[in-house]
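Examining the three-dimensional arrangement
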Amino acid sequence: TPEILALIGRKLEGNLSEVCARGGVIWLMSGAQYAVNIGYVIRTAEVSGANAIIIDAELNSNEKKTAVRASMKAHRFLPVFWNSTEEALTIAKRTGMRIVAVEDCGDVEPWDADLTGDVLLIVGGEHDGISKTVLEQCDQIIKIPMGGFVPSYNLQAPMAIVSIEALRQQRKN
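Residues numbered from 1 in each chain as written. Predicted model: local features only at pLDDT ≥ 70, side-chain atom pairs only at ≥ 80, totals over all residues. Heavy atoms only, no water.

When helices and strands are tallied, the chain shows 6 helices and 6 strands. Ordered by position from the N terminus, the helices and strands of the chain form the series α-β-α-β-α-β-α-β-β-α-β-α. Scaling as 2.2 N^0.38, a compact globule of 173 residues should have a C-alpha radius of gyration of about 16 Å, and the chain matches this with 15 Å. When the backbone C-alpha atoms are referred to their principal axes, the chain occupies close to 50 × 40 × 30 Å. Within the chain, residue pairs in contact and separated by at least 24 positions form 81% of the contacts whose partners lie at least 6 positions apart. With the model as given, the accessible surface of the chain reaches about 9,400 Å², and the carbon-plus-sulfur share is 51%. Counting 17 positive and 21 negative side-chain charges, the chain places the averaged centre of each group 7 Å from the other. (Helix = DSSP H or I, 4+ residues; strand = E, 2+ residues; numbered from the N terminus. Rg over C-alpha atoms; globule rule 2.2 N^0.38 Å. Contact = heavy atoms within 4.5 Å. Areas by Shrake-Rupley, 256 points an atom, 1.4 Å probe, with all protein chains shown as cover. Lys, Arg positive; Asp, Glu negative; His and termini not counted. Charge placed at Lys NZ, Arg CZ, Asp CG, Glu CD.)

Listed below in structure tokens is the structure:
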């Protein structure tokens, strides 16, 4: 058992503007509603090497605690911001990040998209997805292929797929 455990490589301090200015991969959950799903995506963002995650969700304090618990406390190793989508997009654009959404109206699959460099990746809420207003501000929209009769994944699945692909591409560069 190690006597000391240290986090290296990821800076936890700073406000949203400072974290976005550092670049890399940052996730935005736009309109997610379920605390457990939010916890799972926090954990996925952390384990896949993202520099931060932004949550745009209206949760009460008990629901936020549920999200943290479901994240397996990954929030301790990754900056987690509770900001609006509009504020996140404004800051991402100001700091020069590309904005890439994951939505069923996309025209490119994850492995054909450029996920390197400084990118804000957006996944929408479980019921409504990403709003048209937000999609219009994106540089690219990724579509996850589907082969079943129900044309919808739980938000965790596309986020995991794109997270792994982004990690793969970032490691190559």
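Take Asp 107: it is sitting in the loop between strand E4 (98–102) and strand E5 (119–124). By relative accessible area, Asp 107 is classed as exposed at 70%. As a C-alpha pair, Asp 107 and Gln 169 span 62 residues in sequence and 19 Å in three-dimensional space. (Buried < 20%, exposed > 50% of the residue type's maximum accessible area, 1.4 Å probe, protein only.)

Ranked by size, the top nonpolar core spans 31 residues in total, and within it Trp 27, Met 29, Ile 38, Ile 53, Leu 121, Ile 142 and Val 162 carry the most contacts. Secondary structure elements with two or more residues in this core: strand E1 (25–30), helix H2 (35–47), strand E2 (52–56), E4, E5 and helix H6 (156–172). If one sorts the elements of this core by residue count, H2 sits on top with 5 residues. With near-sequence residues (within four places) excluded, Ile 38 lies in contact with Ala 32, Ile 55, Ala 57, Leu 59, Ala 67 and Trp 82. (Core = buried A, V, L, I, M, F, W, Y, C linked by side-chain atoms within 4.5 Å.)

It is worth spelling out the side chain of Asn 37 at this point. Locating Asn 37 in the fold gives a position in helix H2. A distance of 3.1 Å separates the side chain of Asn 37 from the side chain of Glu 126, its partner in a polar contact. Those residues within four positions of Asn 37 in sequence are excluded, and the remaining contacts are Glu 126, Asn 154, Leu 155 and Gln 156. (Polar contact = N/O pair within 3.5 Å; in protein donor to acceptor, adjacent residues only side chain to side chain.)

Turning to the pairing of E1, a few remarks are in order. Among the 6 residues of E1, 6 are classified as buried, and the element is accordingly described as predominantly covered. Neither face of E1 is exposed, since Val 25, Trp 27 and Met 29 on one face and Ile 26, Leu 28 and Ser 30 on the opposite face are all buried. Direction of pairing for E1 relative to E5: parallel, over a ladder of 6 bridges. Following the sheet pairing, Leu 28 is matched in E5 by Ile 122. Strand direction decides the pairing type here: E1 and E2, joined by 5 bridges, are parallel. The partner of Ile 26 across the bridge, within E2, is Ala 52. (Pairing = 2+ DSSP bridges.)

Take helix H4 (residues 85–94) next. Every buried residue of H4 is listed here: Thr 85, Ala 88, Leu 89, Ile 91 and Ala 92. Each buried residue of H4 lies within a common arc of 170 degrees when the element is viewed along its axis, so the set occupies one face. Away from the buried face of H4 by more than 90 degrees, exposed residues Glu 86 and Arg 94 are located. Where H4 is buried, its residues meet helix H1 (16–22), E1, E2, E4, E5 and helix H5 (132–135). Looking one or two residues past H4, Gly 96 carries a phi angle of roughly 85 degrees, positive in sign. (Arc of directions from axis to C-beta.)

Moving on to the packing of aromatic side chains. Applying the stated criterion across every chain yields a total of 0 aromatic pairs. The ring of Trp 82 carries the charged tip of Lys 64 above its face, separated from the ring centre by 4.7 Å. (Phe/Tyr/Trp six-rings, centres within 6.5 Å; stacked < 30°, edge-to-face > 60°. Lys NZ or Arg CZ within 6 Å of the ring centre and 35° of its normal.)

Quick look at the layout of surface pockets now. Roughly 350 Å³ of internal volume is contained in the largest pocket. Along the wall of the largest pocket there are 20 residues; nearest its centre are Glu 103, Asp 104, Ser 152, Tyr 153 and Pro 158. When its residues are assigned to classes, the lining of the largest pocket shows 9 nonpolar, 6 polar and 5 charged. (1 Å grid on protein atoms, 1.4 Å probe; cavity = no way out; pocket = protein on both sides within 12 Å on 5 of 7 lines; lining within 4 Å. Points joined across faces, edges and corners; volume = space filled by probe spheres on them. Nonpolar A, V, L, I, M, F, W, Y, C, P; charged D, E, K, R; others polar.)

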